[in-house]
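Secondary and tertiary structure notes
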Amino acid sequence: MYKLFLCLRYLRRRYIAMVAIIGMALCVFMVLVVVSVMNGFLGLVENAAKGMMGDVVVDAAAEPIAYYDEFIGLMKAKLPDDILAATPVIYSYGLLRIGPEYTQTVRVIGVRLPEAAAVSTFTEGLYPPQLKASPAFAVPASMRKELLARLGTYRTRIDQLQSIINDRSEQLAAEQEKDPARQDKWLIGTLERNIANANSQISSIRRLYGYDEELPGIILGVDIPGTTVRDEVSGSYTRYVEVGQKVQLMVIPTGRTVTALTEPVKKRFTFVGDSRMGIYQIDSGSAYVDFDTLAELIDLGPRPDADTGQVDPGRCSQIQIKVKGTDNETHLRAVAEKVRLLWEQFSADRGEADLLARPTVQTWREKQSQYIGPIEKQRDLVTIMFAIISLVAVVLVFAIFYMMVVQKTKDIGILKSIGASSGGVAVIYLMYGSAVGLVGSVIGAVGSYWFVRRINPIHDWIATTFSWRVFDRRAYLFDQIPNTIQLEVIAGVVVGAMLAGLLGAMLPAVRAARMQPVEALRYE
Amino acid sequence: MSDVMIDVANVHKSYRMGRTDLHVLRGVRLTVRRGEFLAVAGASGSGKSTLLHVIGLLDRPDKGTLHINGESADDLSASARARMRRYDIGFVFQFYHLLGELNVLDNVQIAQMTGTGVFRWPGRARQARRDALKLLEMLGLGDRLKHRPKDLSGGERQRVAIARALINRPKVLLADEPTGNLDSATGGEILSVLKHFNTKDGQTLVLVTHDQRLAENADRIVRLTDGKLA
């Protein structure tokens, strides 16, 4: 018990112990912050990757996937215990035109709503909330009334412009009826410009602003450059494109055949809402439209042959599947294998080898391995690097304890002279090491918990105070730094730090224990 | 019970100093009676302190035998030697050797607590505190209990060291030049304290000194010259 008594006295009264505690706390803090942020980052990537495409993905190989609806039906019938839901998806590229000036290349994704809600988390990121509540490629019903009222405003404006045109036209006609010698050329020019300007405005309003219920809807990624401005501190968006506004999409119909003569196809859509997947690379370059609309636009829809009357089936780029039961990778792989075998059987039964070229069937993790793999490796690498750096903590504690034991050599002699055993002396220093490890790691753990939980406000404060933004969502995919800290990671690091303290104190403690009392007392 | 408290027989001890062996004790034979006040006198480097360290089980002789209170100390294990140092032997050093992190009271009571386990700690700690307070009061340090060694005078430090040496009521008190660092008046005080316990409690006192006048206070003086008793 005197060992604890002495250990506590040493802890309270030795500045060197404070240095060791601070060193240990910093190491624990550093490791916990890095591991937590990296783990959180990986978790976000995994969740996003999984959320985007369901559990299992059937991907087109050489050719787009035909008879997808039949296959989805077959899957549900043959694998009722495995398949919860499935939906086809089309991927393409296009040019998005918003207003008269803004143009942006986007990845155009054709999805079926609300069917996709049962498979992926796509619908969870929809905005405004009315759209999220009832996902569809249409302006939410609750907003339609307001839009129609606004359409009325536009009509009024068009009427005003039209009356200006009529008035100016009459004036112009009257002026033009005069003798050419008496005509006011300046007035004629002004009236003509007025009429042309009013016509142009009407045309713009009709093309851009008028809400047209007949047009198909489009959902745009919230970060598409130029369409929104984001307040980096609050994370709120100001959108330049309003719900109900028309946008134009230009795609190349590459679905079946592409030749030098293939012309781009333009189509106008009504903007119905934002998609906020939380991944900058996706949200800044994706536009979502109805599956059938896109299929038709890029020539992937069903096409009847005028001569034979036979219908060439529609195609899709991908079938996304939501699996029943647990979502662990082993289970998903087993289901993926069943789907692959089922496809082979389906392909063989239909006998259209060219049309049913073998697609790849992967789990979401396999599919996204190109994204997840490097981040996993990065996390492991950083963890290893910091584990190596944490060895510094061991060396630091070792150096401090060694120095302390050297400094306290005389104390060792004194303690032995008053009857302390060698084991007792060793225990004092081992306890001391563990206490430094415990106190240091607890301080480091509490500090890192506090820091990680507030990492985003701290980052925002630094950004606003010093105009220095470390975490750029354009580079790091997500708009927020991950701020979750796992208890098991804290426990692991704290235990590791305590062991490091113990290990660092081990050799000095053994040295202290072995020292002859007289040798220690003579030490200068 | 034998009348002999310390029996040193043919003790040799040498140290390696660089490349040469320094033969400090050369066949020392010494017997100290129970309750005797023995002074070991001799010039610096004559081996007085080494002899005291051997008797106090702080060092092992190269050759020879040692008996304390009739018990052989030659074959004792390290823990048994520690136990003997704890309960049977008290040490007073020239340079006090107090623990700088502890205050006066803790420095004294720690000596009684080194052999106490967790379960006996509370009772033993209270007892140690009582004993330490009593001793320190007796030694005139009642108002210095919370002071740390660096805040005390040399004489006060030595009195703390004496209190620490006596708290376990050892059979043998070994004092190595206890007044060597003190002025003559303070040295005289310290000597009278040591003599007081020797007389009152019957503790065997072995005092090592190079000061002839100090040695003359002992019941018996032995002189050590070049590692041998004259």
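These figures come from a predicted structure and were not determined experimentally. (Residues numbered from 1 in each chain as written. Chains lettered and ligands numbered in written order. Predicted model: local features only at pLDDT ≥ 70, side-chain atom pairs only at ≥ 80, totals over all residues. Heavy atoms only, no water.)

**Some details on the overall build of chain A**
Secondary structure assignment for chain A yields 17 helices and 16 strands. Over its C-alpha trace chain A gives a radius of gyration of 35 Å, far above what one expects of a compact globule, namely 24 Å for 524 residues. Over its C-alpha atoms, taken along the principal directions, chain A stretches across nearly 130 × 75 × 40 Å. Counting all 524 residues of chain A, 49% fall into the buried class. For chain A, restricting intrachain contacts to residue pairs at least 6 apart in sequence, the fraction spanning at least 24 positions comes to 78%. Total accessible area computed for chain A in this model is approximately 25300 Å², and 58% of it derives from carbon and sulfur atoms. Here chain A contributes 56 positive and 54 negative side-chain charges, whose respective centroids are spaced 12 Å apart. (Helix = DSSP H or I, 4+ residues; strand = E, 2+ residues; numbered from the N terminus. Rg over C-alpha atoms; globule rule 2.2 N^0.38 Å. Buried < 20%, exposed > 50% of the residue type's maximum accessible area, 1.4 Å probe, protein only. Contact = heavy atoms within 4.5 Å. Areas by Shrake-Rupley, 256 points an atom, 1.4 Å probe, with all protein chains shown as cover. Lys, Arg positive; Asp, Glu negative; His and termini not counted. Charge placed at Lys NZ, Arg CZ, Asp CG, Glu CD.)

**Quick notes on the sheet that holds strand 2 (residues 20-33) of chain B**
All names here are of chain B. Pairing is antiparallel in the open sheet, where four strands are placed in the order 2-1-4-5. Since the sheet does not close on itself, it has two edges, and those belong to strand 2 and strand 5 (71-72), each with one partner. Across the sheet, helix 1 (residues 48-55) is in contact with strand 1 (4-17), strand 2 and strand 4 (63-68); its angle to strand 2 comes to roughly 60 degrees. (Pairing = 2+ DSSP bridges. Axes fitted to C-alpha atoms, helices over the stretch in contact; angles between N-to-C directions.)

**Things to note about the environment of Lys150(B)**
Residues and elements named next belong to chain B. Mapped onto the secondary structure, Lys150 falls in the loop between helix 4 (121-138) and helix 5 (154-166). Residue classification places Lys150 among the exposed positions, given a relative accessible area of 61%. For the pair Lys150 and Phe91, spaced 59 residues apart in sequence, the C-alpha separation works out to 20 Å.

**Some points on the pattern of salt bridges**
A full pass over the atoms with the stated rule returns 24 salt bridges over all chains. Ionic pairing is found between Arg16(B) and Asp21(B), a salt bridge with its closest N-O pair at 3.0 Å. Judged by its relative accessible area of 53%, Asp21(B) falls in the exposed class. A salt bridge links Glu156(B) to Arg144(B), with the nearest nitrogen and oxygen atoms 3.1 Å apart. Placement of Glu156(B) in helix 5 and of Arg144(B) in the loop between helix 4 and helix 5 is noted, with a sequence separation of twelve residues between them. Taken individually, Glu156(B) and Arg144(B) each receive the classification buried, so the pair is uniform in this respect. Connected via shared salt-bridge partners are Glu329(A), Arg333(A), Arg365(A) and Glu366(A). (Salt bridge = Lys/Arg side-chain N within 4 Å of Asp/Glu carboxyl O.)

**Topic: the packing of helix 12 (residues 409-417) of chain A against helix 16 (residues 487-514) of chain A**
Packed helix pairs are characterised by how far apart their axes lie and by the angle those axes make with each other. Residue and element names in this part refer to chain A. Contact pair helix 12 / helix 16: the axes reach a minimum separation of 10 Å and the direction vectors enclose 50 degrees. Our classification of the angle between helix 12 and helix 16 gives oblique. Where helix 12 crosses over helix 16, the two elements pack in a sense that is right-handed. Between helix 12, through Thr409, Ile412 and Lys416, and helix 16, the contact on the second element is made entirely by Arg511, Ala512, Ala513 and Arg514. Of the residues in the contact of helix 12 with helix 16, the class split is three nonpolar, one polar and three charged. (Parallel < 35°, antiparallel > 145°, perpendicular 65-115°, else oblique. Left-handed = near helix turned anticlockwise from the far one by under 90°. Nonpolar A, V, L, I, M, F, W, Y, C, P; charged D, E, K, R; others polar.)

**A look at the packing of helix 3 (residues 104-113) of chain B against helix 5 of chain B**
Residues and elements named next belong to chain B. Direction vectors running N to C along helix 3 and helix 5 enclose 25 degrees, while the axes themselves pass 7 Å from each other. Comparing their axes, helix 5 and helix 3 come out roughly parallel. The way helix 3 lies across helix 5 gives a crossing that is right-handed. Contacts between helix 3 and helix 5 pair Val104, Asn107, Val108 and Ala111 from the former with Val160, Ala163 and Arg164 from the latter. Of the residues in the contact of helix 3 with helix 5, the class split is five nonpolar, one polar and one charged.

**As for the nonpolar core**
With 106 residues, the main nonpolar core has Tyr429(A), Tyr432(A), Ile6(B), Val8(B), Leu30(B) and Leu51(B) as its most contacted residues. Apart from the residues lying within four places of it in its own chain, the contact partners of Tyr432(A) are Cys7(A), Tyr10(A), Leu11(A), Arg14(A), Ala17(A), Phe401(A) and Met404(A). (Core = buried A, V, L, I, M, F, W, Y, C linked by side-chain atoms within 4.5 Å.)

**Topic: the pairing of strand 10 (residues 265-275) of chain A**
All names here are of chain A. Summarising the sheet, strand 5 (residues 126-127) and strand 10 pair through two bridges and their orientation is antiparallel. Looking across to strand 10, one finds that Tyr127 is bridged to Asp274. As defined by bridge partners, strand 6 (residues 217-221) adjoins strand 10 across five bridges and the pair is classed as parallel. Across the sheet, Gly217 pairs through a bridge with Thr270, a residue of strand 10. With six bridges joining them, strand 9 (residues 246-251) and strand 10 adopt antiparallel strand pairing. Residue Val251 lies in a different strand from strand 10, and its bridge partner there is Val265.

**Examining the environment of Gln320(A)**
All names here are of chain A. With respect to the helices, strands and loops of the structure, Gln320 is situated in strand 15 (residues 318-323). With relative accessibility at 4%, the residue Gln320 sits in the buried group. Along the sequence, Gln320 and Pro64 sit 256 residues apart, while their C-alpha atoms lie 14 Å from each other. Among the polar contacts made by the side chain of Gln320, one reaches the side chain of Gln318 at a distance of 2.9 Å. (Polar contact = N/O pair within 3.5 Å; in protein donor to acceptor, adjacent residues only side chain to side chain.)

**A word on the side chain of Asn198(B)**
Residue and element names in this part refer to chain B. Looking at where Asn198 falls in the secondary structure, it is placed in helix 6 (residues 184-201). A distance of 3.2 Å separates a polar atom in the side chain of Asn198 from the backbone oxygen of Gly35. Reaching out from Asn198, the side chain makes a polar contact with the backbone oxygen of Gln203 at a distance of 2.5 Å. Beyond its immediate sequence surroundings of up to four residues, Asn198 is in contact with Gly35, Glu36, Phe37, Gln203, Thr204 and Leu205.

**Brief notes about the sheet that holds strand 8 (residues 204-209) of chain B**
Working definition: the strands of a sheet are paired by backbone hydrogen bonds and lie parallel or antiparallel to each other. Residues and elements named next belong to chain B. Spatially, six strands are ordered 6-7-8-3-9-10 in an open sheet, and the strand pairing comes out mixed. Two strands close off the open sheet at either side, each with one partner strand: strand 6 (89-92) and strand 10 (228-229). Relative to strand 8, strand 7 (residues 172-176) runs parallel, the two sharing five bridges. Considered in strand 8, the bridge of Ala175 is made with Leu207. The strands touched by helix 5 are strand 6 and strand 7; relative to strand 6, the strand with the most contacts, the crossing angle is about 170 degrees.

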